[in-house]
Amino acid sequence: MISMKILVCISHVPDTTSKINFTENNTKFDNNGVQFVINPYDEFALTRAMWFKEKQGATVTVINVGNASTEPTLRKALAIGADDAIRVNCEATDGFAVAKEIASVIKNGGYNLVLAGKESSDYNGAMVPGMVASLVDFSFINACIGLEIEGEKATASREIDGGKEVISTSLPLVIAGQKGLVEEKDLRIPNMRGIMMARQKPLNVVEPVNSENATAIASFEKLETKSSCKMIDASNVEELVHLLHTEAKVI
Amino acid sequence: MSVLVFAESSEGKFKKSAFEVTSYGKKVSELLGTNMVVLTINSNEPSLLHKYGAQKIITVTNSNLTVFNAKIVSNIIKQVAEKESATTIIVDSGANGLYVAPLIAVELKAGYASNVTALPSSTSPFIIKRKSFSSKAFANCEISTDVKVVSLAKNSFGVFENEVVGSVEEFSATIVESGITSVSIEQTKGKVTIADADIVVSGGRGLKSGENWGMIEELASVLGAATACSKPVSDLGWRPHSEHVGQTGKPVASNLYIAIGISGAIQHLAGVNSSKVKVVINTDPEAPFFKAADYGIVGDAFEVVPKLIEKLKEFKSNNA
């Protein structure tokens, strides 16, 4: 029986409750006072990987493309139960370049199942998993909400507009996951034993293959602040209907 | 060079987003001083796209493509892009658009910007605005490769009629081996989905119990709206997970979003703030959602919503 060698892609992102501000003339994210966490979408992928490790004997490596500041996030993934970690030592500024770095690690490492979140909650590029799959010529399922593996055979479901599709495919495979891949209540958090063990686990730093960027961020913009909310008296509901029709023109 | 738009259809009928990406592609082609080519697969009536500015329509008809397959479609888009010397490829941001776009980018060695919300602010360098930080900010993204792939965020541009005379050309595409088989598709029929809805009516914990959803459903039915809910409501099992909207749920980009008994946590707002007009009904005048809303009513949902349903019914019958 073929053994599952899993690579889980981990993005290092601001906590979802963070205030979003920019510096240097709106060209850089202001990480002052911001706490960084494992990308929420990646948590579903990591937890599913742990399940394959415990139930089906898979090995699990986690990877991040980033500078040394992302290492606490990789340690957290090790504390949750990954066997080892890889950090590709370069600033991640473009999804295509990140995908090329990960593809190179996959080719060298012989992984046959790559699990990632469908997007990161910061840049929301929603491109790395699909690009990785295409670069290494693995099958690819986007927005995956269920995955079972039996030998080389995989059954996955993906979210489609207004429903879901069940797909049959085989390893090697790249999955871009989200809630449903595991339930939110089943997400793993590190316990004390895991945290202690994580300190001893290998975190290998590899040098980048230096892929050229295909995109760059010229600047950021914050959302325009709303002109103030028009309050309508609860006893005057017809006024709301009137405004939605004549002013907002949405009904 | 040309602009290539992929206008998606389902069971032969164009999705609403097909008209939006075509309208958008037309404008992009004008900005770039080039022509637009629109690709459709298994559409019953490709010529409908002439109405939205599509002069040249290329259609692929193949019984093996009745179910969407991202690998096969990305390869067909590549074949057409090469034939038409397309340098800008535009898809929608539906489940299939987001699935296929990164694959096209690799096939064409192209930089890719997802969830784009506006026309390019500059064509040289090519800079385009897209959502980031889970809709809490925008990034102006420069794509520096020769070929560019863009997915347009739903409802961010609009549909514009611009009738042109043109041609529909059949293209015989090569179908690659995909390694993926569709086993089954479950799709709610006859009910407006959150992704497609112009209006979304959403309920929160303020409704106190799943049994109180009757009035939410009635309000939605009067408006032809989809129903949605906040995260706590789906966590409590009052409503199915598929209705959960917000940062970790489904994004909403409707014309009108009505939030009832939802206080407006930052994660909820992030998921819904792409909606154009937001109405908030909440008992708590300090609910943070009022700061993000266009219209607000401070009041008890159990009194306000039935009145709203009654007034909307009157309005609908007067304006029928």
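Residues numbered from 1 in each chain as written. Chains lettered and ligands numbered in written order. Predicted model: local features only at pLDDT ≥ 70, side-chain atom pairs only at ≥ 80, totals over all residues.

**Describing the overall build of chain B**
And step 1. Of regular secondary structure, chain B possesses 8 helices and 18 strands.
And step 2. The globule rule puts the C-alpha radius of gyration for 320 residues at 20 Å, and the 21 Å found for chain B is close to it.
And step 3. When the backbone C-alpha atoms are referred to their principal axes, chain B occupies close to 60 × 45 × 40 Å.
And step 4. Relative to its full complement of 320 residues, chain B shows a buried share of 57%. (Helix = DSSP H or I, 4+ residues; strand = E, 2+ residues; numbered from the N terminus. Rg over C-alpha atoms; globule rule 2.2 N^0.38 Å. Buried ≥ 20, exposed ≤ 12 C-beta atoms within 10 Å, placed from the backbone.)

**Here we look at the interface of chain B and chain A**
And step 1. Listed per partner, the contact involves 71 residues of chain B and 60 residues of chain A.
And step 2. It is helix H3 (residues 95-107) of chain B that provides the largest number of residues to the side of chain B that touches chain A, a total of 8 residues.
And step 3. A per-class count over the side of chain B that touches chain A returns 37 nonpolar, 23 polar and 11 charged. (Contact = placed C-beta atoms within 7 Å. Nonpolar A, V, L, I, M, F, W, Y, C, P; charged D, E, K, R; others polar.)

**Examining the sheet that holds strand E15 (residues 230-232) of chain A**
And step 1. One open sheet holds the 6 strands; their spatial order is E15(A)-E18(B)-E17(B)-E16(B)-E14(B)-E15(B), and the pairing between them is parallel. The strands lining the two open edges of the sheet, one partner per strand, are E15 of chain A together with strand E15 (226-229) of chain B. Across the sheet, the mean angle from the axis of one strand to that of its neighbour is 20°, orientation sign disregarded.
And step 2. In this structure, E15(A) lies alongside strand E18 (residues 295-298) of chain B, joined through 3 bridges in parallel fashion. Bridge pairing links A:Lys230 to B:Tyr295 in E18(B).
And step 3. The strands touched by helix H6 (residues 237-246) of chain A are E15 of chain A together with strand E16 (256-260), strand E17 (277-282) and E18 of chain B; relative to E18(B), the strand with the most contacts, the crossing angle is about 170°. (Pairing = 2+ DSSP bridges. Axes fitted to C-alpha atoms, helices over the stretch in contact; angles between N-to-C directions.)

**What to know about the domain arrangement of chain B**
Residues and elements named next belong to chain B.
And step 1. Partitioning chain B into domains gives domain 1 (2-170) and domain 2 (199-318).
And step 2. Each of domain 1 and domain 2 has a C-alpha centre, and these two points are 32 Å apart.
And step 3. Partitioned by chemical class, the residues of the side of domain 1 that touches domain 2 number 1 nonpolar, 4 polar and 2 charged. (Domains from an automatic or database assignment.)

**As for the confidence of the model for chain B**
In low-pLDDT regions, the fine details of the predicted coordinates are not to be read closely.
And step 1. The share of residues in chain B with pLDDT of 70 or more is 100%, and the mean pLDDT across the chain is 95.
And step 2. We note a pTM of 0.91 for the whole complex and an ipTM of 0.94 for its interfaces. (pLDDT = per-residue confidence, 0-100.)

**So, the sheet that holds strand E6 (residues 59-66) of chain A**
And step 1. Spatially, 10 strands are ordered E13(A)-E7(A)-E6(A)-E1(A)-E8(A)-E12(A)-E9(A)-E10(A)-E11(A)-E13(B) in an open sheet, and the strand pairing comes out mixed. Two strands lie at the open edges of the sheet, namely strand E13 (203-206) of chain A together with strand E13 (181-187) of chain B, each paired on one side alone. The mean angle between the axes of side-by-side strands here comes to 30°, regardless of whether they run parallel or antiparallel.
And step 2. One ladder, built from 5 bridges, connects strand E1 (residues 5-9) of chain A with E6(A); its direction is parallel. Note that in E6(A) the partner of A:Ile6 across the bridge is A:Val60.
And step 3. Set on the sheet, helix H2 (residues 71-80) of chain A makes contact with E6, strand E7 (84-89) and E13 of chain A; between it and E7(A) the angle comes to about 160°.

**Details of the packing of helix H2 (residues 70-83) of chain B against H3(B)**
Residues and elements named next belong to chain B.
And step 1. Interaxial distance between H2 and H3 falls to 9 Å at its minimum, and their mutual angle equals 45°. As judged from the angle between their axes, H2 and H3 are oblique. In the crossing of H2 with H3, the sense of the turn from one axis to the other is right-handed. On H3, the residues that touch Ala 70, Lys 71, Val 73, Ser 74, Asn 75, Ile 77 and Lys 78 of H2 are Tyr 99, Val 100, Leu 103, Ile 104 and Glu 107.
And step 2. Residues that form the contact of H2 with H3 fall into these classes: 7 nonpolar, 2 polar and 3 charged. (Parallel < 35°, antiparallel > 145°, perpendicular 65-115°, else oblique. Left-handed = near helix turned anticlockwise from the far one by under 90°.)

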